[in-house]
Amino acid sequence: MGLSRQYLRYVPAALFGLVGSAGGNAAMVAVGGERGRGVAVAACEHVFVWDARKGEKVLILKGLKQEVRFLCPSPDGLHLAVGYEDGSIRIFNLLSGEANVTFNGHKAAVTAMQYDQLGGRLVSGSKDTDVIVWDVINESGLYRLKGHKDAVTQVLFLKEKNLLVTSGKDTLVKWWDLDTQHCFKTLVGHRTEVWGMALISEEKRLITGTADSELRVWDISYIQEEVKDPDEPESKKSKGSSPVAEKNTEEDETLELDEGPEERLLKCSKVGSIMREGRDRVVTLATERTGKILACHGTDAVLEVFSILSQEEVQKKLEKKMKKAKKKAKQKSEEEEPEGNVELSLQEEIQRVTNIKASAKIKSFDMILSPKGELKVVLLLQNNIIESYVLNLSAQVPQAVRASKISIGGHRSDVRTLAFSSDNIAILSASAESVKIWNRSTLQCIRTMDCEYALCSFFVPGDRQVIVGTKTGKLQLYDLASGSLMETLNAHDGAVWSIALSPDQRGFVTGGADKCVKFWEFELVKDESSVQKRLSMKEVRILQLDEDVLCVRYSPNQKLLAVSLLDCTVKIFYTDTLKFFLSLYGHKLPVLCMDISYDGALIATGSADRNVKIWGLDFGDCHRSLFAHDDSVMYLQFVAKSHLFFTAGKDNKIKQWDADKFEHIQTLEGHHQEVWCLALSPNGDYVVSASHDKSLRLWERTREPLVLEEEREMQREAEYEESVAKEDQPVVAGETQGETGLAGKKTIETIKAAERIMEAIELYREEMAKLKEHKAICKAAGKEVPYPVNPILRAYGNITPSEYVLEVFKKVKSSELEESLLVLPFSYVPDLLRLFNEYIRLGAEVELLCRALLFLLKIHFGQITTNQMLVTVIENLKKTTISRVSEARDVLGFNMAGLQHLKREIEAKDEVMFFADATDRFEEKKRKRKKKEKMILAVV
């Protein structure tokens, strides 16, 4: 074998058993061109898109390592922004399933995201308390907004104005002016965390959900609007701000902190509240896209649905009320004076439609309103189910009807036991409520059978039946062909913790919490209902012990039986006489799992003390103790015909070890929470594992050799990259530590990009020096001497050194540009500025270079302006940049005019309204701008 033993690598083959992770949200997306038919949900590090109608998985958006925390579809429905646990955001194309853009800016999990109306910008909020606005088209960060003191819970763009409103667990709601990137108003009227909010009534109202049953409603009035129409009567302005009987508007409820009187873009005052039926905190509060329906849920299984009256509907209701009031007044007029004005209560404007009761706790929801008035609601539940409901709003009493339920692909609770069939093809998984049989190659669930809380299991030889041991002490025998429970036996007076098939395959042994080890044999019994005999089991012996039995295992020759006890020891008995043979003593906490190697030479034990011990089975001597996991070792199994074994830990990891060399070979990372159990296929090619993250994972042995030294090296690199990401950000010169900052963050990628730029500039310097030298040689020799071309430049097609620097520059990802320039030492900047001048003069990559140039000027302002050498460079740059940028602007203007002309031509021909939607919005904005200008002129 030589010095270095060769191992084979195991790699992740599949993730299954998961419908949707409760840690993310559900979002409706288009499937087959039909909006709202697909449901995107987090599935650990991936995103699954399900066809709600067929209950099939139609797309998997593959993640890297981090868990998915938030999903947000783009307005056109073609893209999905996915926020991860580590704060990164990736934007996937829903047609191809590829992620083309990555944004790194947050230092902690992404908690909220929203696109603006046109889908050009994306705003994200995070546990790190920052809010970042991203430019999706240019694939770069615009700016970071700092101000919240705790995790951000919701972020909303306003459609009509360039404003943003955010809420956080710090009880604050903040209003940001995106033109100036600062917070101009903070609502401090909440006493507890603001868990959700929504804009309704054409953005004239804000609804906030907190830790109590009250949904607070705030009126928003935009200051410009009030200035623009001085003739409007007072009563109309405060329309809808009706007194509400629910609660008195207390003084402190409407406190606002304004960041300066001149900055008052809007007023926000509390007008009352709507009471929820749920008593606990709001988990999700949202409106559907048209804003006609509002829904919310707490930590329970009820979604409360409200409908919001439009302006016209409110007007109609008011008119009706006026008539009634006049009638009453006429009747009463004999006795007294008629009453004054009539107003609608908040409860009349925001009406409860119905409650949707789901089959389990709701984690998230999304909804869509069809033009026919049908509301489709999709719910992601805590127990690995997606349910969809349909509500007919035009009905007299709208009732929610469950349209579909996706649940077959997973268990409702954690899987506590796994087993492989003898032919390596079927996998058994069992949880607190069901046993499922999966086909290993297709990962389809073939059988689902109800069971009690399962703790251990195995396939009966022949693979036609399975036996499950339960928490209540029962043994349940199932027939796979019919999918029926054939027999239930009361085996132990407490949990059946462990079960092991005897090597001669004639029976099995069980260990339980009643301090007993019981021996069973298979038998065929006469079945009353049929002629044929059926399989059964009978108890043949009992071994009574002094402590609870946690695990039992036979030696391969069936001579010995190992029993792990609650007193932290493992006792070994002779199987035939049940006489005591050895005691393995040394673990500080109970041994939860163990296994004996194929040749009966070694026994490996895994304990709650986080250690694995390897013992000789001949004398019971401990060969080695290994610190295996950062938490309890939950499961341990040898690979067939070898001394290699796998362990599963509560630290989310699965590790492979060599019991001869006592080496750690490989770590299988993937699970995001405790790994409860695993199973190895009899041929050793597959490992299947189950975790508290609700996923089952299949790992496959490849033919790729694994070299331990290389593994260690890769591990060290990964650790270094993680440490880089955790380092503090450098403070940018010229940037005050205020409420706004750079959007990006330092990552290993930005450092590598900066290093590539530095290398390119160094190559440029060397080549220029060589060229100077070469010219001098030619001059001295009086003839042309051949010039050796640098191999790097040759690889790029014999380009000049300065062109090479530009090539390297163009390859820096747009989203990483600023961060890369930030770590670039100043000594490289003068050369860069000279090169920029040359490029811009030639009109190459003007937009990219101007962005980089302005950023460099901003961060190195002091050093550049005090450097005499750079005065002329900056002067030249000023000239070339201004002329080139105005040229680019002219080209854009010309193209716009050309497009307008084409559009008019097409419309004249076909009389179609082309681009109508976008044009209307553009015109509307233009009108508003003109109005604003008129107002300003009037004031002046």
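Scoring rules and cut-offs
- Residues numbered from 1 in each chain as written.
- Predicted model: local features only at pLDDT ≥ 70, side-chain atom pairs only at ≥ 80, totals over all residues.
- Heavy atoms only, no water.
- UniProt positions renumbered as here; feature names shortened; annotations may be inferred.
- Helix = DSSP H or I, 4+ residues; strand = E, 2+ residues; numbered from the N terminus.
- Buried < 20%, exposed > 50% of the residue type's maximum accessible area, 1.4 Å probe, protein only.
- Contact = heavy atoms within 4.5 Å.
- Areas by Shrake-Rupley, 256 points an atom, 1.4 Å probe, with all protein chains shown as cover.
- Expected span 1.5 Å × (residues − 1).
- Pairing = 2+ DSSP bridges.
- Axes fitted to C-alpha atoms, helices over the stretch in contact; angles between N-to-C directions.
- Parallel < 35°, antiparallel > 145°, perpendicular 65-115°, else oblique.
- Nonpolar A, V, L, I, M, F, W, Y, C, P; charged D, E, K, R; others polar.
- Salt bridge = Lys/Arg side-chain N within 4 Å of Asp/Glu carboxyl O.
- Core = buried A, V, L, I, M, F, W, Y, C linked by side-chain atoms within 4.5 Å.
- Patch = residues over 30% accessible without salt bridge, like charges linked within 9 Å, V, L, I, M, F, W, Y side chains within 5 Å.

- The name given to the protein in an unreviewed UniProt entry is WD repeat-containing protein 3, with Anser brachyrhynchus as the source organism.
- Of the comments in the UniProt record for the protein, the one headed Sequence similarities (unreviewed entry) reads "Belongs to the WD repeat WDR3/UTP12 family."

Some points on the overall build of the protein
Reasoning step 1: Secondary structure summary: the protein contains 14 helices and 58 strands in total.
Reasoning step 2: Split into buried and exposed, the 940 residues of the protein put 50% on the buried side.
Reasoning step 3: Long-range contacts, defined here as pairs at least 24 residues apart, represent 50% of the contacts in the protein between residues at least 6 apart.
Reasoning step 4: In the form shown here, the protein has an accessible surface area of approximately 45900 Å², with 53% of it arising from carbon and sulfur atoms.

Details of helix 11 (residues 846-859)
Reasoning step 1: In this model helix 11 runs 20 Å from its N-terminal to its C-terminal C-alpha over 14 residues, within 8% of the 20 Å that 1.5 Å per residue would give.
Reasoning step 2: Turning to helix 11, its buried residues number three or more, namely V846, L849, C850, R851, A852, L853, F855, L856 and I859.
Reasoning step 3: Each element contacted by the buried residues of helix 11 is listed here: strand 13 (140-145), helix 8 (801-811), helix 9 (817-822), helix 10 (829-842), helix 12 (861-866) and helix 13 (871-910).

Here we look at the pairing of strand 46 (residues 580-584)
Reasoning step 1: Bridge count between strand 45 (residues 570-574) and strand 46: four bridges; the pairing is antiparallel. Looking across to strand 46, one finds that I572 is bridged to L582.
Reasoning step 2: In textbook terms, the turn of a hairpin is the stretch between consecutive antiparallel strands, and for strand 45 and strand 46 this stretch comprises five residues, one of which, L578, has a positive phi near 60 degrees.

Considerations on the packing of helix 8 against helix 10
Reasoning step 1: With their axes 11 Å apart at the nearest point, helix 8 and helix 10 run at an angle of 95 degrees to one another. Regarding the angle of helix 8 to helix 10, the classification is roughly perpendicular. Facing S802, V805, L806 and F809 of helix 8, the residues of helix 10 in contact are L832, L835, F836, E838 and Y839.
Reasoning step 2: Looking at the contact of helix 8 with helix 10 residue by residue, the classes come out as seven nonpolar, one polar and one charged.

As for the UniProt feature "repeat: WD" (unreviewed entry) in the protein
Reasoning step 1: Sites flagged by UniProt as "repeat: WD" (unreviewed entry) map to residues 103-144, 145-186, 187-221, 408-448, 489-523, 584-625, 626-667 and 668-700.
Reasoning step 2: Between the end C-alpha atoms of residues 145-186 there is a gap of 14 Å, over a span that is 0% helix and 55% strand.
Reasoning step 3: Overall, residues 187-221 shows 0% helix and 54% strand. The separation of its end C-alpha atoms is 14 Å.

Regarding the pattern of salt bridges
Reasoning step 1: By the definition in use, this model includes 39 salt bridges.
Reasoning step 2: A salt bridge links E704 to R9, with the shortest nitrogen-to-oxygen separation between them at 3.1 Å. Remark: R9 occurs in strand 1 (residues 7-16) and E704 occurs in strand 57 (residues 696-706); sequence separation between them is 695 residues.
Reasoning step 3: For E704, a relative accessible area of 39% puts it in the partly exposed group.
Reasoning step 4: Notably, a salt bridge pairs R712 with E663, separated by 4.0 Å at the nearest N-O pair. Remark: E663 occurs in strand 54 (residues 663-668) and R712 occurs in helix 5 (residues 708-726); sequence separation between them is 49 residues.
Reasoning step 5: A single salt-bridge network, built from bridges that share partners, covers E34, R37, D51, R53 and K376.

What to know about unusual backbone geometry
Reasoning step 1: One non-glycine residue with positive phi stands out, namely D463, at about 60 degrees.
Reasoning step 2: Its place among the elements puts D463 in the loop between strand 35 (454-459) and strand 36 (465-470).
Reasoning step 3: Despite not being glycine, L578 has its phi angle at roughly 60 degrees, a positive value.
Reasoning step 4: By relative accessible area, L578 is classed as buried at 18%.

Some remarks on the UniProt feature "domain: Small-subunit processome Utp12" (unreviewed entry) in the protein
Reasoning step 1: Feature annotation in UniProt assigns "domain: Small-subunit processome Utp12" (unreviewed entry) to the following positions: residues 802-904.
Reasoning step 2: The distance separating the terminal C-alpha atoms of residues 802-904 is 45 Å; by composition the span is 82% helix and 0% strand.

Describing the nonpolar core
Reasoning step 1: Of all hydrophobic cores here, the largest spans 38 residues; its most connected members are V805, F809, L821, L832, L833 and F836.
Reasoning step 2: Of all elements in the fold, only helix 6 (748-781), helix 8, helix 9, helix 10, helix 11 and helix 13 reach the threshold of two or more residues within this core.
Reasoning step 3: In terms of residue count, the dominant contributor to this core is helix 10 (seven residues).
Reasoning step 4: Leave out the neighbours within four places in its chain, and L833 touches L853, I864, L870, V873, I874 and L877.
Reasoning step 5: Formed by 19 residues, the second largest nonpolar core is a distinct cluster that contains L303, I362, L375 and L379.

Focus on a nonpolar patch on the surface
Reasoning step 1: The grouping of L899, L902 and I906 at the surface amounts to a nonpolar patch, some 260 Å² of accessible area in total.
Reasoning step 2: The class of I906 is partly exposed, set by a relative accessible area of 33%.

Remarks on the sheet that holds strand 50 (residues 622-627)
Reasoning step 1: The strand order across the open sheet built from four strands is 47-48-49-50, with neighbouring strands paired in antiparallel fashion. Each edge of the open sheet is held by one strand with a lone partner, namely strand 47 (591-596) and strand 50. Strand-to-strand twist in this sheet, taken as the mean axis angle between neighbours without regard to direction, amounts to 15 degrees.
Reasoning step 2: Of the strand pairs in this sheet, strand 49 (residues 611-616) and strand 50 are connected by five bridges, and their pairing is antiparallel. Of the residues in strand 50, the one forming a bridge with I614 is R624.

A short note on the environment of V101
Reasoning step 1: With respect to the helices, strands and loops of the structure, V101 is situated in strand 9 (residues 99-104).
Reasoning step 2: With relative accessibility at 7%, the residue V101 sits in the buried group.
Reasoning step 3: Through-space distance from the C-alpha of V101 to that of L902 is 32 Å; in sequence the pair is 801 residues apart.
Reasoning step 4: Leaving out residues up to four positions away in the same chain, V101 has contacts with I89, R90, I91 and E139.

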